[in-house]
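Given next are the chains, with one letter for each unit.
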Amino acid sequence: MAEYCTKYSPCVLIPVYNHPATVGPVCEKLAALGIPLLLVDDGCDAECATELDRLAEQGHHLLRLAYNQGKGAAVRAGLAHAQQLGFTHALQVDADGQHASDDLPAFLAELDTSPETLVIGYPRYDASVPKIRFYGRYATHVWVWINTLSLDIRDSMCGVRLYPVAPLNHLLERHACGDRMTFDTEVLVRWHWAGGAVSNQPVRVQYPDDGVSHYALWRDNRQIAAMHTRLFFGMLWRLPRLLIRRFRQPSSKVRP
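Model, not experiment: these values are computed from the prediction.

Colleague: Is there a simple way to think about the overall build of the protein in this case?
Modeller: Summing up its helical and strand segments, the protein has eight helices and seven strands in all. Residue pairs in contact within the protein that sit at least 24 positions apart in sequence constitute 80% of those at least 6 positions apart.

If you want it as structure tokens, here you go:
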């Protein structure tokens, strides 16, 4: 069982939508981190809801949403609940079992040196990654680099990141950052715009042959395109301030 700075109280935040076969094994692996787990039931069907009830009986926290609202809404609700429970940081991890749990202690280790930093995961893929996903991500990467005028955010789509809960919730009170797949990217851009520190940590990612994806091609691509357009005009409005900060202040902490 790992130990982390006792000054802070982190939890693992897992948004769940119909992953009954994987969420249990994911929780078993994450329990080795030695910190509480907070599961968010994003309107799961009966089979997955039953599995989440079983996990809650084991002592894990469970927040149940009345109906499916999307990953962004589930994470946002989970962050608000985490703060109510007294947690200072939330390590977001997906429920599908793609992420290597052995890589996660490095995220929590940053609490000892930089608790105010939002730690962003960037994927280290094996041969199982679909090529269309691997190369398709770069369209979003390029837009994020344009909209932040920096390369500080190495990957904005990875489902693993360590959030400082209170300041992140304060940001989300002003900018909801979308209810579905746009959330992961937009929240990082807006955090960066606000001057928040970021660092990047690698995490190994594997795509199982029987993996379940809830990505809705037309809906989510349309929303992502609209998000990038909105953020681009937001960047233009902030351009003088971003340029001044870029050239007069040290860059956000960035890890290779």
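Colleague: Please clarify how the confidence of the model for the protein should be interpreted in this entry.
Modeller: Close inspection of predicted coordinates is inappropriate in any region flagged by low pLDDT. Per-residue confidence for the protein averages 89 on the pLDDT scale, and 86% of its residues sit at or above 70. In this model, residues 251–256 is a region of pLDDT below 50 whose contacts with residues beyond four sequence positions or in other chains number 22 contacts.

Colleague: Sorry if this is basic, but what is going on with the sheet that holds strand β6 (residues 161–164) here?
Modeller: Sheet strands associate in pairs through backbone hydrogen bonding, adopting either a parallel or an antiparallel arrangement. Read across the sheet, seven strands follow the order β3-β2-β1-β4-β6-β5-β7 without closing on themselves; strand pairing throughout is mixed. The two strands at the open ends of the sheet, each matched to only one other strand, are β3 (61–65) and β7 (198–205). Pairwise comparison of adjacent strand axes, ignoring direction, gives a mean angle of 25 degrees for this sheet. Pairing geometry for strand β1 (residues 10–16) and strand β4 (residues 89–92), over four bridges, is parallel. Across the sheet, the residue bridging to C11 is A90, located in β4. Its contacts with the sheet place helix α2 (residues 46–57) against β1, β2 (37–42) and β3, and it is angled at close to 150 degrees to β3.

Colleague: Whenever I open this one, the pairing of β4 confuses me. Can you help?
Modeller: Put simply, side chains in a regular strand alternate between the two faces of the sheet. The alternating pattern of β4 places H89 and L91 and A90 and Q92 on opposite faces, both of which are buried. When β4 meets β6, the two strands line up antiparallel, connected through four bridges. Bridge pairing links Q92 to R161 in β6.

Colleague: Hey, could you run me through the environment of H192 in this one?
Modeller: Structurally, H192 can be placed in helix α7 (residues 183–193). Between the C-alpha atoms of H192 and L118, which are 74 residues apart in sequence, the distance is 9.5 Å. Polar contacts involving the side chain of H192 include one to the side chain of S150, which spans 3.3 Å.

Colleague: So what exactly am I meant to see when it comes to the nonpolar core here?
Modeller: For soluble globular proteins, the rule of thumb is that nonpolar side chains tend to be buried together. Ranked by size, the top nonpolar core spans 34 residues in total, and within it L79, Y163, L168, L172 and V187 carry the most contacts. Elements that contribute at least two residues to this core include exactly β1, β2, β3, α3 (71–84), β5 (118–125), α6 (165–174), α7 and α8 (217–248). It is α7 that contributes the most residues to this core, six residues altogether. Contact partners of V187, with chain neighbours within four places excluded, come to R161, Y163, L168, L172 and C177. C48, F107, L111 and V203 belong to the second largest nonpolar core, which has 29 residues in total.

Colleague: For this particular structure, what's the right way to read α6?
Modeller: Since there are 3.6 residues in each turn of an α-helix, residues three or four apart along the chain are aligned in direction. Residues V165, L168, N169, L171 and L172 constitute the buried set of α6. Each buried residue of α6 lies within a common arc of 160 degrees when the element is viewed along its axis, so the set occupies one face. Residues of α6 that are exposed and angled more than 90 degrees away from the buried face: E173 and R174. For α6, the elements touching its buried residues are α3, β4, β5, β6 and α7.

Colleague: Honestly, a nonpolar patch on the surface in this entry has me stumped. Any pointers?
Modeller: Side chains of V142, W143 and I146 sit close together on the surface and give an oily, nonpolar patch of about 230 Å² of accessible area. Relative to the assigned elements, V142 resides in helix α5 (residues 131–148).

Colleague: Can you walk me through the side chain of N147 in this structure?
Modeller: Inspection of the secondary structure assignment puts N147 in helix α5. Each residue touching N147, except ones within four places of it in the same chain, is listed here: W193, H228, L231, F232, M235 and L242.

Colleague: Please explain the packing of aromatic side chains as it appears in this structure.
Modeller: In this description, an aromatic ring pair is defined by two values, namely the gap between the centres and the angle between the planes. This model, assessed by the stated rule, comprises two aromatic pairs. With 5.8 Å between their ring centres and 80 degrees between their planes, W143 and F232 make a pair best called edge-to-face. In this pair, W143 sits in helix α5 while F232 sits in helix α8, placing the two residues 89 residues apart along the sequence. Note on W143: relative accessible area 35%, which makes it partly exposed. With a relative accessible area of 25%, F232 lands in the partly exposed category. Relative to F233, the ring of F232 has its centre 5.7 Å away and its plane inclined at 75 degrees; by these criteria the two rings are edge-to-face. Given a relative accessible area of 52%, F233 falls into the exposed group. Taking the ring centre of Y122 as reference, the NZ or CZ of R154 above it sits at 3.9 Å.

Each value, and the rule that gives it
- Residues numbered from 1 in each chain as written.
- Predicted model: local features only at pLDDT ≥ 70, side-chain atom pairs only at ≥ 80, totals over all residues.
- Heavy atoms only, no water.
- Helix = DSSP H or I, 4+ residues; strand = E, 2+ residues; numbered from the N terminus.
- Contact = heavy atoms within 4.5 Å.
- pLDDT = per-residue confidence, 0-100.
- Pairing = 2+ DSSP bridges.
- Axes fitted to C-alpha atoms, helices over the stretch in contact; angles between N-to-C directions.
- Buried < 20%, exposed > 50% of the residue type's maximum accessible area, 1.4 Å probe, protein only.
- Polar contact = N/O pair within 3.5 Å; in protein donor to acceptor, adjacent residues only side chain to side chain.
- Core = buried A, V, L, I, M, F, W, Y, C linked by side-chain atoms within 4.5 Å.
- Arc of directions from axis to C-beta.
- Patch = residues over 30% accessible without salt bridge, like charges linked within 9 Å, V, L, I, M, F, W, Y side chains within 5 Å.
- Areas by Shrake-Rupley, 256 points an atom, 1.4 Å probe, with all protein chains shown as cover.
- Salt bridge = Lys/Arg side-chain N within 4 Å of Asp/Glu carboxyl O.
- Phe/Tyr/Trp six-rings, centres within 6.5 Å; stacked < 30°, edge-to-face > 60°.
- Lys NZ or Arg CZ within 6 Å of the ring centre and 35° of its normal.

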